[in-house]
Structure formats: C-alpha cells, structure tokens
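The lines below spell out each chain.
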Amino acid sequence: MTIVVERVNKVYQSGEVDIHALREASLNVPDNKIVTILGPSGSGKSTLLNVIGGIDRFDGGSVRVAGQSLENLKDGQLTEFRRTYAGFIFQQYNLIPTLTVEENVEVGKELSQNPLDMKDTLEKVGMWDKKDKFPYQLSGGEQQRVAIARALIKNPTFLLCDEPTGALDEETGKNILRLLKYVNETYGTTVLIITHNQGIGDMAHKVIRMSSGEIVEEYENENPIEPEKVTWA
Amino acid sequence: MILRKTISRTIKEKKFQYAGVTLLLVLAVMLYVSLSMAITTLEERNDTFTREYKQEAFHWMSSDPLPDEELQALEEQFEVTLERRAYQDISTDENSSLRLFEPTTEVNLPFISQGEMPENEGEIAIAETFADRNGFNIGDVVSMGGLEAKITGYVFLPDYIYMIEQQTDLLADASIFGVGVTTSETLAALSGNEQQQILGWTNSNEVPEGLRSAVNTISTLLQFISSEDNARIQFVESEIEGAQSLITTLPLFILGLSIAMVLMLMKRRLELQRKEIGTLMALGYRKRELRRHYLGYAWIVGLIGTMTGLVLGAGLSLPLSDLYATYFNLPALSMFDFDPVVLVVGFVIPLVLLLSLTMLVVNRTLKTEPLTLLKPKEMSSGKKSWLEKLPWLNKGSFIRRFRLRLLVRSKARSFYIFLGVMFSTVLLLFGLITFNSMDRLVETTYEDIQKYEYAVHYSSIQTEDRDDDSPYTMAEVTINEEKVSLYGIEPDTDDLHLMSEGERLNDQLTEGVVISRPLAAIQKVGAGDELTLTNSFNDKKWTVQVAGVADVFIGSNVYVPRTEANDFLGYPESAYTSVWQDDKPASMENVFMVEDKQKVMASFESTSGATRNSVLGMSVFAVLIGVIVLTLLTNLIVEENSPSISLFKVMGYHEKEVSKLVLNVYTPIVVVSYFISIPFASLGIEQTMNTLVQQTGFIFPTDVTWWMVLIGFLVIMMTYGISLSLSKRKLKKVSLQEALKKQQD
Ligand SMILES: Nc1ncnc2c1ncn2[C@@H]1O[C@H](COP(=O)(O)OP(=O)(O)O)[C@@H](O)[C@H]1O
Ligand SMILES: [Mg+2]
C-alpha cells in the first residue's frame, strides 16, 4: 500500500468554535491505482489530501505514506518527503508567471535526482510546441497540462490532485482526466483525485466518499470507465 | 537554479523600482567613499608631513632676539629643539603679499614638491596655490618688494598648512597671501624690516612646562603660540574632525532610506508571490533554497549599488581632494595616501545590512505554513484594523472614504513619504541657511558692527591721546580655561556698534559686559548670567554680568569699557594696545600687526563662491533623493491599487479622477511633513553650529526666513510633482482587463 491513513483527526480552532475537518478518518490507497475522493464542499477532502501530501499537520492518528510515518517527521523531513515522493496539482494551476512552459517544468525537474526527460514529458502532456510560451499566453487547460508536467517530471510515487478540473469546462476537463489516466498507466503513478464532481468517481479504481470530515463510503470499481464517458456535473 | 531566471525577469519588469533603490544605494556609498577617501587622504598627508618634516610644537617672538647661547641653554634645560627663523612680508605687483622665510634644518622643514630649493641670491620657492592664484610659474622672474626674484620651485611649509596671514584670520585666500622660502642672504638684502621667530620641536609635541615663563624672563614675549592654538596647523585637524560626522551621518541616512525601500520592495515581492512560494514549498523546495533565491534580489541590488558607488566615489574623491588641496597646503608624500579600510567599509557594511535585513523579511514569510501561503491573503487577514473602524473614516462621500481608507491601509507608505520629504527638506534648508548665512555674517560683522577700516595693534602699550581714532585695549584672558579676547572699548565709539537684532548694545556697557555669539554658545550663557574672567598672567579673577549678546559671529569676545579692562589688566587708566581707524597707518613704527577689513571681506567673498556651489550641489542632491523616494512610493501605490484603478476605469472614471482618488491622497502628508521639518532643520543646523563653535571659533547665523520657506516649499512641491507625473504614466498603463483577471483568483 502506498498510503495508509488510520483514525486521523484534524481540528481547526476558528474563533470560539472548533471545526472538525477530519474525524477518525481511515483509508488506504493501493499502489498504482487511481483513487477519487468525493464529497460536498467543506467535507474535508482538501484537508485529507494536504495531510497525505505532508503540507498539513493532523491531531492524532497515523498516516503512513511510501513507508514513512508522517506524524513523526519534522518540518525539514516533511519537505524531503514531498520532494521525493509527492506531486501536487492545484485547481488554480499555480504556475510561475515569469517563467516559460519549459522553465516551469524545469522547476519540478530540479527537485529530482533522476527526473524524466523534458521533451518526452512535455510531448506526453501535449505542450512541447508551446514550451516557450508564458502562462498568460495559455488557456486554463493548457496551464493545467503544464502543472501536470511539472509534477510528473520528477517521477513521483503519487500525484495529489485537488479539484484539477474545477476551473475547466467539460471538454478540457475530460482531456485532463484522460491525461491523468495515461500517466497512471504509463508510469504506474498512484493518482489521488479530489472532486465534488460525482461522475469522476466512475473512472477510478477506488472511490472514497466524505461527509462532514468523516469517511462515509469506500468502494472499488471492477471496471473503471474511460474519462470520456464520465457524466459531467 | 531555474528560479534565478525569475529574478532577472522581475527586475526587468520593475526596472524603475529596482533602479531607484539601487540609485539610492549608489548615492549613499558614493557619498561615503568619496568624502572618506578625501578626508583620510587629508589626514594621512597631514600626519606624514607633520611627522617627517618636523612640524613645530610652538613658536615665539620676543622683543629682543635671544642670543644663541641662551637658546642652547634652553634646549638643554627643557629637552627641546629650537631654531631661529627670519622672515619678511613683501608685496607683489599683483597686490598680494608673500611671507618669505629662510630655510630651516631642524624644525618646520620646507618640502619642495616641484623644481628646486633656492640656492643663489634672488631665488625663491613659493607655495603652489599662491603661484596658481597669482599666475606665477616655476622659472618666472617676478618683481616684488624691490626684488627681481626667480621662482625655482614650489614649497610646502609644515607650519603654514592653512595659509593665513594673521592667526585671527578666518579664511585662507592664496590670491592675497602666500608663503615662500629664500636664502638668508636674499632675505637680508630686502628693504623691509626683518622679523625673527624661534621655532620649537619636542618629541611629545607639547610645550615643556615653564618654558614660556623662562623665555619671558630673558626677553619680553610678544607672542607665544603652541601648535594647538595655531590656526595654521590646527584648522586642518578641526576640518578632519568636523568632516568625520558628516561623512557618517548623511550617507547613513541615505543608506537607511535605501535599505528601507529595498525591504519594502522585498515585502511587496513576497506578498505578490505568496502563492508561488506556497506552491514551491508544496513541491518540496527547501527553505534554504527559497531563502537563497529571494536573497538574490538583495544581492543584485547590493552588489550593483555598492560596486558602482565605490567606483564613482573613488572617482569623485579626486576632485574633492583637489578642492581640499586648495584650502590646505599639504604635499602628496606617498602614492596611496588614503585609508583602504574605507573601501572595505563602504562595500561590506551596506551589503551586510541589506542582506541580513532582507533575510529577516524573507524568513518571516518562509516561516509561514505552505498551506497558509497557498490560500488567498484576504482569507487569513481580512480583518479591518482599529483605525479603519473609526467612525470619521466611514462618513462623507465615497471619494472621501476611499481616499482616507487608502491612506490608512498604506500606513507604511505614508510614513516613508513623510520621511522622504523630511529628509529632502532638512537637506534643502541646510543648504539655504548656509547660503544665506555667509551673506548675513559678512553683512552684520563687517558692515553693521565693524565701522572701521583698519585695526592697528602696537607692540607695546600706548598712552598718547588719540582724537579721531578709537583706541582700545585688547588682551587674552580665560573663562573656564577657554581662551577669550577681552576688548576694552570706548562705549560711545563710532567704530564698533555692538548690534543685536537691530539694537545697539554699547550703552548697556555701563550695566555689564557684552559678549559675542560664539562665546555665548561655548559658555552657554545669555543676558543676566555671570562670567568669571581670569588674567592668564597673574591669575587675577574678575566676575562680570552679561548685559547682552551682540551679533558678532566670529571670535570668543568680551566687550567692556576701556577703563575697566585697563584696571583689570593692571594697565594705566588711559592705556590702549590697539586702534581702530579709517586710514592705513602712515608709519609702521611700533606696529605689531595691521588688520585690513576689506582684505578679510574680500577673502570671504572669494570663498562664498565655493560655498554657493556646494549649496547648489546639496539642493540637487535633496531633490534627487526626494524624487527617487517619492516616485518609488507612489509607483508602488499605483501597483498595489491596480485592481481598483482598473475597476474605476471600467466603471468610466477618467484618468484624472482616478489619479486624484489614488495618488493625490498623499499631498497633505507632503505638505505637513514639509512644515514639520522646518523647525527640525533649523534646530539641527543650530545644534551642528554649536558643537562646531569650539573648534572653529565662529557661528553662522541660522535663522530661517520667509523666502527660504517659500523656496523650499516650491522645490519640494516640484519634487512631489515630478514623482506624481512619473507615477501617473504608470497609472495610465493599468489595463481594463486587470479588474476582470484579478477576480478569478
Ligand atoms: N485554515 C482553516 N481554518 C479554519 N477552518 C478551516 C481551515 N481550512 C479548512 N477549514 C474548514 O475545514 C473544513 C474542511 O475544509 P476542506 O478540507 O477545505 O473541505 P473541502 O476541500 O472538502 O471543500 C471546512 O469546514 C473548512 O471551513
Ligand atoms: Mg477543497
């Protein structure tokens, strides 16, 4: 198992009230699979993803990712953990505006001892012809492709995608999903996709459903459908 | 690291801002390096010349020349080196006067910088500055004092570094007075009357105890001056000391401003790149990698700024050194005579300060959790500050509320605008006050107060009645160990009007003494206070009350009725030592020294040209710094408010209206800062003068007049106007799309 989460809690102190973003959440993610986490807005999906990716701390419970117990790691060790194993994809792409497509991917490449080939990676995400463009010259879908290339090039063990299609229209969104599936099949990268878009669950090997910080359902799909067939919500 | 590329691109995109801060840094380093190099050069030359050419520890003149045996006996008794030196003053055809000395071999050794030492009769070597100003060259034969003299070289004398004719002269002017050396034979053949002085050198550079009185018992002393009291020697040292504070304060201020601006840019950069930093952290970039990256901005600004500053400063120090060379006659005895530490300090200090403070700012952002950085700022700190909750901020028209809120939101910017204006104002007013005070000083001292043309000092006490002229008694006394000139004058004299703000204080001499402004400043006394004078010869004391302070800006003087001075000094009642008169004395018999007022005034006029130039330089500097700081700030303000600006434009506001909304908000701050700075500037310069008075012996009038306030105001508003128009161009460039783009985030 790449990722094992056991009875994890996360409480935000927000003024007088405590917000339980995660309540005794437990789950596991098998190797080389696509897993989606579904749930309404505010149900704790992002919190869970951030805990798994080592950019957020949690209160009690244990998280083992790629053989490491995150609760025992110090800040510096967490950085090394992310550097080695994790790839992040954000809803807002978060590219560096002053760098070109190729240079933005270079930012990810520098983090790895044995990165993938630049040309190969950019060709795989279909951005090789636009490698010298700046982010503001690209559409949202294209920017997300660059972000995926940036995460992919360091050859991470898993990709963490927080609403990767949230800012995109149906056609572009499905192209991105197609790309994520392709990455999973080609490199064997475990892909975790967070979405409030119910239909996306059908393309995953495993689906986890959250509500009010709790994991309320967990099931595996025998036959995941093709991204093109996903019902878009 | 690929991230490095973002630095050069960001700087290129914001070239105006980064060029501004770099320029400030350049100015700070340049100013420091050029002044320090010039001053350390001066210091080094002074030290070397003093040491290697045996500058005197003292010299004296007595009524009868001491025979050689007496000198030898004194040398042995007091362990000093004594040497006799003859000299004569002669007039040149150029209306200047030249003091020719015979060469010495043990004390005050002459240094020939060019040409040769005079060896034959009729040959002379003269000070280079004197030659320059009078149009003489080596090889010229010039007629002076009935002599056809051939100039064989340029000479420097260790006891005439500041080349003034009388000890009491304030300003050296090589066009009217200079020194030179010639052979003893040539000197003897001259028609005028030859004077003799004894030069003394000691290991410790101190006057041996008891020497003075020992000499006085052999022959009455006319003059005995230690190097400490010798303006020709001491003035260069005061200048070095005085300049030291200027060298550090002014550049430090500019450095402070420039670092503050860099930090501001840095904070802004980090703010703008919050999400990028968060992303990079999430991707696995280490803190030290990010820190190194962001320090890159400071490195670039710092390295370019300090290096350019060093080069320009080193270059500028050359003309500065030359300028000093026209004031102080010091030879260049070695090739590198500046202090190399200056370069290190000018490079290292700004860089270390800049980097370490930037590091602090960067670390603060890097300490933030990546998750917090990834979220939009509004979510984490959307709270209004207490200032914004004040009711008067939320009243009135929309425009009023918007502008007020902008002011409050950008407290730091407003504060720096305030500081920038203050800095420029103080600098500008310093310039204006100095500019004016030269004129005021000459006017009051030489026109309103001194009504005579010549002051004649006799070599012995006179008692003979004088009808048309004003006899007076002058003697050196001490107050709290400080030397003071005591003037015993006829209270109703027409030759000296002791004015104070337009009122004549002469009549008040019956109630107490009148003192000069420098004395008032040194002793910190005013009308009604008491002073105790001590007669240096017999320790007799005399306590007097100060009746008033006259606008005499030069010298530590006490004015009393002549009879009272004579009484205190033990002179006959009708005695006098000097006379003020309107005509040049017909005979020089018994005359020790003649002060020519017009000559002094002329030398003042000639130096005021230099002062005026430096004032002009200072004003340009003030405006330059003002423009840079204000433009930087208003530029940032436009940038920060570009979403609102864009929105206003989309809504149909005209550019003029928008700039009124966003930029002119700061006009009241500029105006208020200006008027608050005026008393600061005036107080500052008064303070500076008061601390310098002990060394210089004079005080500059420092009043601020209405025309200075007006000119200063116009200049500052012009400065602000330039910055505004520069920033308006930026405001014009804010696109309409900006408003729409920002909303997506
Ligand atoms: N930094 C925070 N401070 C306080 N509450 C937070 C913070 N981050 C998230 N929350 C709260 O935690 C809950 C879960 O948030 P999140 O994981 O972002 O949900 P989702 O991604 O499913 O929409 C929500 O109620 C949210 O308001
Ligand atoms: Mg979320």
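None of these values were measured; they are calculated from a predicted model.

Undergrad: I'd love a proper account of the site of ligand 1, names of residues and values included.
TA: Close to ligand 1 lie A:Y12, A:I19, A:A21, A:P40, A:S41, A:G42, A:S43, A:G44, A:K45, A:S46, A:T47 and B:K375, which account for all nearby residues. Mapping the residues near ligand 1 onto chains gives chains A and B. A distance of 3.0 Å separates an oxygen atom of ligand 1 from a polar atom in the backbone of A:G44. A:K45 places a main-chain nitrogen or oxygen 2.9 Å from an oxygen atom of ligand 1. At the level of secondary structure, the elements contributing two or more residues to the shell around ligand 1 comprise β2 (17-29) and α1 (45-53) of chain A. Among the elements that line the shell around ligand 1, the one with the most residues is α1(A), at 3 residues. Among the residues forming the shell around ligand 1, the class breakdown is 4 nonpolar, 6 polar and 2 charged.

Undergrad: Mind laying out the environment of B:I11, listing which residues take part and the relevant values?
TA: All names here are of chain B. Note on placement: I11 falls in helix α1 (residues 4-13). On the basis of relative accessible area, I11 is assigned to the buried category, the value being 16%. Between the C-alpha atom of I11 and that of I300, which follows or precedes it by 289 residues, the distance is 9.5 Å. Once you skip the residues sitting within four places of it in the chain, I11 turns out to touch Y18, Y297 and I300.

Undergrad: Account for the sheet that holds strand β8 (residues 190-195) of chain A, with residues named and values stated.
TA: All names here are of chain A. Read across the sheet, 6 strands follow the order β6-β7-β8-β3-β9-β10 without closing on themselves; strand pairing throughout is mixed. Strands at the two margins of the open sheet, each flanked by one partner only, are β6 (86-89) and β10 (214-220). Direction aside, neighbouring strands of the sheet carry axes that sit 15° apart on average. Pairing between strand β3 (residues 34-38) and β8: 5 bridges, direction parallel. Each bridged residue has a counterpart across the sheet, and for V35 the counterpart in β8 is L192. Where helix α2 (residues 75-85) meets the sheet, its contacts fall on β6 and β7 (158-162), and the angle it forms with β6 comes to roughly 80°.

Undergrad: So, the UniProt feature "domain: ABC transporter" (unreviewed entry) in chain A: which residues are in play, and what are the values?
TA: UniProt's entry tags residues 6-233 of chain A with the feature "domain: ABC transporter" (unreviewed entry), counted in the numbering of this structure. The distance from the first to the last C-alpha atom of residues 6-233 of chain A is 31 Å, and the span holds 29% helix and 27% strand.

Undergrad: Summarise empty space enclosed by the protein; cite the residues concerned and give the values.
TA: All names here are of chain B. Under the definition given, this model contains 4 cavities of 30 Å³ or more. As a volume, the largest cavity reaches approximately 70 Å³. Every residue lining the largest cavity is listed: A38, T41, L42, R45, S321, Y324, A325, F328 and L330. The set of elements that each furnish at least two residues to the lining of the largest cavity consists of α2 (15-52) and α9 (287-327). Counting residues per element, the lining of the largest cavity draws most heavily on α2, which supplies 4 residues. For the lining of the largest cavity, the class distribution of residues is 6 nonpolar, 2 polar and 1 charged.

Criteria and cut-off values
Residues numbered from 1 in each chain as written. Chains lettered and ligands numbered in written order. Predicted model: local features only at pLDDT ≥ 70, side-chain atom pairs only at ≥ 80, totals over all residues. Heavy atoms only, no water. Near = heavy atom within 4 Å. Polar contact = N/O pair within 3.5 Å; in protein donor to acceptor, adjacent residues only side chain to side chain. Helix = DSSP H or I, 4+ residues; strand = E, 2+ residues; numbered from the N terminus. Nonpolar A, V, L, I, M, F, W, Y, C, P; charged D, E, K, R; others polar. Buried < 20%, exposed > 50% of the residue type's maximum accessible area, 1.4 Å probe, protein only. Contact = heavy atoms within 4.5 Å. Pairing = 2+ DSSP bridges. Axes fitted to C-alpha atoms, helices over the stretch in contact; angles between N-to-C directions. UniProt positions renumbered as here; feature names shortened; annotations may be inferred. 1 Å grid on protein atoms, 1.4 Å probe; cavity = no way out; pocket = protein on both sides within 12 Å on 5 of 7 lines; lining within 4 Å. Points joined across faces, edges and corners; volume = space filled by probe spheres on them.

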